[in-house]
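Coordinates in review
Next come the chains, spelled out residue by residue.
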Amino acid sequence: MSPDEYCQQKTVQSGSSFYYSFLFLEPERRRAITALYALCRELDDTVDNATDESVARIKLAWWRNEISTMYRGTPTHPVTQALKPHLATHNLQEKHLLAIVDGMEMDLNQSRYLDFAGLKNYCWHVAGVVGILSASIFGATSSRTLEYAEKLGLAFQLTNIIRDVGEDARKGRIYLPVNELQQFGVTAADILNARHSDKFEALMQFQTERARGYYDEAMALLPKEDRRAQRPGLMMASIYRTLLDEIERDRFHVLTQRISLTPLRKLWLAWKTYVRG
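Residues numbered from 1 in each chain as written. Predicted model: local features only at pLDDT ≥ 70, side-chain atom pairs only at ≥ 80, totals over all residues. Heavy atoms only, no water.

Under an unreviewed UniProt entry, the name given to the protein chain is Presqualene diphosphate synthase HpnD, and the source organism is Massilia agilis.

In structure tokens form, the structure reads like this:
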């Protein structure tokens, strides 16, 4: 199996919505974004699948070294081997890739965030910076496009947090800020014990409006001249905003189930966005 084939398999197996936006890219950019996404999956799996925190830290340290080796020498992992040819072409910066590793390590350091400022910092590391890297691969000619991509990444991560409240709670994690739980009268025990209530719905409506605000801010930043190149991100925005609508329509019953869109609906939303240009 070649490095590119490894990354393709990793991406398909993840079942992520991102896969649908990659389908519409030209081959070189598709290989680049697939390699980037595969790297993110490897890093995420390092933390999520670890039964021993010390082992996860050792593996993340290995990935830091592997990323540095990718820029300065000969990488050994199929993902970094696949990504290396695209670094210079798309101006992918080492500091951004290392920031993703920092974000994954944050999951080992804490399972709660006191306020949104702390959560936003986490979201930037695991998603905002991924947006910047992705936009560079898609083709960005303006700094405003990178700002758009950063905001869009934050919106995606906030959507993920809303969708995965129950799943994260079963792992002992609550990403919703502590002071906002207090503001709406929802306790950590309510989340951990999957107690749905009107107060919980109000809390989640608040989170949803914040996420929508980031989608709106992102769209306002995207320059017209880069819109066509950035269609993969716009496809994802269409899919994720529709998911957010579905979660809201279901009255935020996310504590005991994972609300998702069917693959066919995701493909349809991606295609509609592509055609619209």
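1. Concerning the overall build of the protein chain
The number of helices and strands found in the protein chain is 14 helices and zero strands. The helix and strand sequence of the protein chain, counted from the amino end, reads α-α-α-α-α-α-α-α-α-α-α-α-α-α. For 277 residues, the compact-globule estimate of 2.2 N^0.38 gives 19 Å, and the C-alpha radius of gyration of the protein chain, at 18 Å, lies within 12% of that figure. C-alpha extents for the protein chain along the principal axes are approximately 50 × 50 × 30 Å. By residue count, 51% of the 277 residues in the protein chain fall in the buried class. When contacts within the protein chain are restricted to residue pairs at least 6 apart in sequence, long-range pairs at least 24 apart make up 71% of them. In the structure as shown, the protein chain presents an accessible area of about 12,600 Å², 51% of it carried by carbon and sulfur atoms. Charged side chains of the protein chain number 35 positive and 34 negative; the gap between the two group centres comes to 4 Å. (Helix = DSSP H or I, 4+ residues; strand = E, 2+ residues; numbered from the N terminus. Rg over C-alpha atoms; globule rule 2.2 N^0.38 Å. Buried < 20%, exposed > 50% of the residue type's maximum accessible area, 1.4 Å probe, protein only. Contact = heavy atoms within 4.5 Å. Areas by Shrake-Rupley, 256 points an atom, 1.4 Å probe, with all protein chains shown as cover. Lys, Arg positive; Asp, Glu negative; His and termini not counted. Charge placed at Lys NZ, Arg CZ, Asp CG, Glu CD.)

2. Thoughts on the layout of surface pockets
Taken as a whole, the second largest pocket encloses approximately 170 Å³ of empty space. Lining the second largest pocket are F24, L25, E26, R29, F138, R228, A229, R231, P232, M235 and Y274. The greatest single-element share of the lining of the second largest pocket, amounting to three residues, is contributed by helix α13 (residues 231-249). Per-class residue counts for the lining of the second largest pocket are seven nonpolar, no polar and four charged. (1 Å grid on protein atoms, 1.4 Å probe; cavity = no way out; pocket = protein on both sides within 12 Å on 5 of 7 lines; lining within 4 Å. Points joined across faces, edges and corners; volume = space filled by probe spheres on them. Nonpolar A, V, L, I, M, F, W, Y, C, P; charged D, E, K, R; others polar.)

3. Description of a nonpolar patch on the surface
A grouping of W268, W271 and V275 is seen on the molecular surface, where their side chains present a nonpolar patch of about 350 Å² in accessible area. Relative to the assigned elements, W268 resides in helix α14 (residues 263-276). For W268, a relative accessible area of 47% puts it in the partly exposed group. (Patch = residues over 30% accessible without salt bridge, like charges linked within 9 Å, V, L, I, M, F, W, Y side chains within 5 Å. Salt bridge = Lys/Arg side-chain N within 4 Å of Asp/Glu carboxyl O.)

4. Focus on the packing of aromatic side chains
Summed over the entire model, instances satisfying the criterion amount to eleven aromatic pairs. Taken together, a centroid distance of 6.3 Å and an interplanar angle of 15° make the contact between Y113 and Y175 stacked. Highlighted residues: Y113 in the loop between α6 (94-109) and α7 (116-138) and Y175 in the loop between α9 (165-169) and α10 (178-183), separated in sequence by 62 residues. Three or more aromatic residues joined by ring pairs form one cluster here, namely Y113, Y122 and Y175. Of note, R210 hangs over the ring of F116, and the distance from its end group to the ring centre comes to 3.8 Å. In this arrangement the basic side chain of R231 is found over the ring face of Y274, its NZ or CZ atom lying 4.1 Å from the centre. (Phe/Tyr/Trp six-rings, centres within 6.5 Å; stacked < 30°, edge-to-face > 60°. Lys NZ or Arg CZ within 6 Å of the ring centre and 35° of its normal.)

5. Here we look at the pattern of salt bridges
In this structure the tally under the stated criterion is 24 salt bridges. In this structure, the salt-bridge partner of E26 is R29, at a minimum N-O distance of 3.5 Å. R41 is the partner of D45 in a salt bridge, and the nearest nitrogen-oxygen pair spans 3.3 Å. Taken together, the residues D45 and R41, both in helix α3 (residues 27-48) and four residues apart, mark about one turn of the helix. Members of the salt-bridge network, linked through shared partners, are K10, R41, E42, D44 and D45.

6. Remarks on the nonpolar core
The biggest cluster of nonpolar side chains holds 53 residues, and the ones touching the most others in it are L119, L176 and I191. Those elements giving two or more residues to this core turn out to be α7, α8 (143-163), α9, α12 (198-221), α13 and α14. V47, L60, I67 and L83 belong to the second largest nonpolar core, which has 34 residues in total. (Core = buried A, V, L, I, M, F, W, Y, C linked by side-chain atoms within 4.5 Å.)

7. Side note on empty space enclosed by the protein
Scanning all chains against the criterion turns up three cavities of 30 Å³ or more. I161, V165, D168, R173, I174, Y175 and L176 are the residues that line the largest cavity. The class makeup of the residues in the lining of the largest cavity is five nonpolar, no polar and two charged.

8. Considering the state of the cysteines
With the rule as written, the count across this model stands at zero disulfides. With no disulfide partner, C7 has as its closest neighbouring cysteine sulfur the one in C40, 11 Å distant. Classification of C7 as buried rests on a relative accessible area of 1%. (Disulfide = S-S within 2.5 Å.)

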